[in-house]
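Chain by chain, the residues run as shown.
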Amino acid sequence: MGKNKYVKKEMKRFNKADVLILHNEVMMEWFVENGYKGKMVPLYLFDYLLARGQKLPQMPGSFGRDVVFAGGLGMEKSAFLYKADELEGTDFILRLYGNGYQKDKVRTSSILDYQGVFAPDEVLNKLKGNFGLVWNGNAIKECDGAFGKYIQYNNPHKTSLYLLAGLPVIVWDKAAVAELIEEEKIGFTISSLDELSKKLNSIDAESYSKMISNVKTIRGKITNGHFLTVAVGNALEQLNK
């Protein structure tokens, strides 16, 4: 998100709006820094409405160390996956859902467990694990590259997908959504994937149960359109000021 001609051109368009609903407060700050002068309100999380007749998956029954990663599995966006076996002391499974998986780059004894590709309306009920991982880029030490930089500003859709599946979220501590995850106690943050095993080992059944309870509350809001409803209400209030 560098200051370039494209950004300036886009800001001219945004400045014609009466009010913007942006992903979060970090993104709001970026807009101000890059020339936006209008009113803004944060969304915080994307709502995720169910199709008619679609049922919510059951919440995880007990604490475990199966971590879900859903999304593009190719080298361009998720090269870090193919370095996961370099992590020390791993005692968890990383279950992968999505396209672009490169089996030839994974050793036989890998912690990666590829589950396949599913349609958007099917994947929700296919996610099986105890946590959902939000991570992008080439590295295991941080979320790097263009996708890694973007996660510092946006709200990834997979965050809401995991919560809808009943999974507490694991996210990079510099991601924009990290503050909400910690405040709502619906998962935890890490600065590097090297920390993941130790962090999982520090969680007991009781603390996991509390996370699950908090996730259940949040996913009720997500399925009812809570976050967009509140954001639109706040936007209308801004217009009346």
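**Some remarks on the overall build of the protein**
Helix and strand counts for the protein come out as 10 helices and 8 strands. In terms of C-alpha radius of gyration, the protein reaches 19 Å, essentially the compact-globule figure of 18 Å for 241 residues. Taken along the three principal axes of its C-alpha coordinates, the protein extends 55 × 40 × 35 Å. Across the 241 residues that make up the protein, the buried fraction comes to 47%. Accessible surface, the protein as shown: approximately 12,800 Å² in total, 50% of it carbon and sulfur. Taking the average location of the 32 positive side-chain charges in the protein and that of its 28 negative ones, the two points are 6 Å from each other.

**Considering a nonpolar patch on the surface**
A surface patch of nonpolar side chains, amounting to about 400 Å² of accessible area, comprises Ile21, Leu228, Val232, Leu236 and Leu239. The dominant element in the nonpolar patch, judged by the number of residues it contributes, is helix H10 (residues 226-240), at 4 residues. Among the secondary structure elements, Leu239 is positioned in helix H10.

**Brief notes about the pairing of strand S4 (residues 93-97)**
When a strand is regular, its side chains alternate between the sheet's two faces. Taking burial as the measure, the 5 residues of S4 include 4 buried ones, the bulk of the element. Bridge analysis of strand S3 (residues 66-70) against S4 gives 5 bridges, and the strand direction is parallel. Paired with Asp66 across the strands is Ile93, a residue of S4. Pairing of S4 with strand S5 (residues 112-116) involves 4 bridges; the strand directions are parallel. The residue of S5 that forms the bridge with Leu94 is Leu112.

**Some thoughts on the environment of Lys198**
Along the chain, Lys198 falls in helix H8 (residues 196-201). The class for Lys198 is exposed, based on a relative accessible area of 71%. For the pair Lys198 and Leu94, spaced 104 residues apart in the sequence, the C-alpha separation amounts to 15 Å.

**Here we look at the packing of aromatic side chains**
Geometry of an aromatic ring pair is reported as the spacing of the ring centres plus the angle between the planes. Throughout the structure, instances matching the rule amount to 13 aromatic pairs. Among the aromatic residues, those joined into a cluster by ring pairs are Phe14, Trp30, Phe31, Tyr36 and Tyr153.

**Concerning a negative patch on the surface**
Judged by side-chain charge, Glu25, Glu29, Glu33, Glu179, Glu182, Glu183 and Glu184 come together as a negatively charged surface patch. Contributing elements (two or more residues each) for the negative patch: helix H2 (25-33) and helix H7 (178-183). The residue Glu25 is located in helix H2 in this model. Classification of Glu25 by relative accessible area gives partly exposed; the value is 43%.

**Quick notes on the environment of Ile222**
Along the polypeptide, Ile222 turns up in helix H9 (residues 205-223). Overall, the relative accessible area of 0% leaves Ile222 in the buried class. Along the primary structure Ile222 and Leu163 are separated by 59 residues, whereas in three dimensions their C-alpha atoms are 8.5 Å apart. Setting aside chain neighbours within four positions, we find Ile222 in contact with Leu45, Phe46, Asp47, Tyr48, Leu49, Ser160, Leu163, Leu164 and Phe227.

Conventions and cut-offs
- Residues numbered from 1 in each chain as written.
- Predicted model: local features only at pLDDT ≥ 70, side-chain atom pairs only at ≥ 80, totals over all residues.
- Heavy atoms only, no water.
- Helix = DSSP H or I, 4+ residues; strand = E, 2+ residues; numbered from the N terminus.
- Rg over C-alpha atoms; globule rule 2.2 N^0.38 Å.
- Buried < 20%, exposed > 50% of the residue type's maximum accessible area, 1.4 Å probe, protein only.
- Areas by Shrake-Rupley, 256 points an atom, 1.4 Å probe, with all protein chains shown as cover.
- Lys, Arg positive; Asp, Glu negative; His and termini not counted.
- Charge placed at Lys NZ, Arg CZ, Asp CG, Glu CD.
- Patch = residues over 30% accessible without salt bridge, like charges linked within 9 Å, V, L, I, M, F, W, Y side chains within 5 Å.
- Salt bridge = Lys/Arg side-chain N within 4 Å of Asp/Glu carboxyl O.
- Pairing = 2+ DSSP bridges.
- Phe/Tyr/Trp six-rings, centres within 6.5 Å; stacked < 30°, edge-to-face > 60°.
- Contact = heavy atoms within 4.5 Å.

So yeah, pure geometry; function would need other evidence.
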